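# Notes for the structure review
The lines below spell out each chain.
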Amino acid sequence: MADTIAETVDLLYTIDQDRLTLDQQIALGSALAALAQAERLEQINEQLRGIHQVLNGWALRATVEGR
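These lines cover the structure that appears in this document, whether it is placed above or below. Everything quoted here is computed from the prediction, not taken from an experiment. (Residues numbered from 1 in each chain as written. Predicted model: local features only at pLDDT ≥ 70, side-chain atom pairs only at ≥ 80, totals over all residues. Heavy atoms only, no water.)

## Here we look at helix α2 (residues 22–64)
An ideal rise of 1.5 Å per residue puts 63 Å on 43 residues; α2 measures up with 63 Å between its terminal C-alpha atoms. Considered for burial, the residues of α2 that qualify are Leu28, Leu35, Ala38, Glu42 and Gly57. Within two residues after α2, Gly66 carries a phi angle of roughly 80 degrees, on the positive side. (Helix = DSSP H or I, 4+ residues; strand = E, 2+ residues; numbered from the N terminus. Expected span 1.5 Å × (residues − 1). Buried < 20%, exposed > 50% of the residue type's maximum accessible area, 1.4 Å probe, protein only.)

## Some points on the nonpolar core
In this structure, Ile5, Leu12, Leu28, Leu35 and Ala38 together form the largest nonpolar core, which totals five residues. When residues of this core are traced back to their parent elements, those giving at least two are α1 (2–13) and α2. A per-element tally of this core places α2 first, with three residues. If sequence neighbours within four positions are ignored, Leu35 has contacts with Ile5, Thr8, Val9 and Leu12. (Core = buried A, V, L, I, M, F, W, Y, C linked by side-chain atoms within 4.5 Å. Contact = heavy atoms within 4.5 Å.)

## Points about the pattern of salt bridges
Under the defined criterion, the tally for this structure stands at two salt bridges. The partner of Arg19 in a salt bridge is Asp16, and the shortest N-O contact between them spans 3.2 Å. When its relative accessible area of 72% is taken as the criterion, Arg19 is described as exposed. (Salt bridge = Lys/Arg side-chain N within 4 Å of Asp/Glu carboxyl O.)

## Notes on a nonpolar patch on the surface
On the surface, Leu41, Ile44, Leu48, Ile51, Val54, Leu55 and Trp58 cluster together to form a nonpolar patch covering roughly 670 Å² of accessible area. Structurally, the position occupied by Ile44 is in helix α2. (Patch = residues over 30% accessible without salt bridge, like charges linked within 9 Å, V, L, I, M, F, W, Y side chains within 5 Å. Areas by Shrake-Rupley, 256 points an atom, 1.4 Å probe, with all protein chains shown as cover.)

## Some points on the environment of Ala27
Positionally, Ala27 belongs in helix α2. Taking the C-alpha atoms as reference, Ala27 lies 49 Å from Leu60; in sequence the two are 33 residues apart.

And the structure:
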C-alpha cells in the first residue's frame, strides 16, 4: 500500500497547478489530503503490527513457560 501511496503522490505533484481550474485545484487539494490521511493510517498500521508481534511473543513465551 505504501508504494501505491508514494506513486500517487508523485503523480499528483507532477500536475501543473497553474493550468487547473478552481474546481480542479480544489479536487487536487482534496486528493492530496486523502492521500496524506492514507499514509498516516499506513504508518499507524505498521506500528500496530509491531505491537502485535511483541504481544504475540510475550503470549508464546508465557505459554511455553506455563504461566
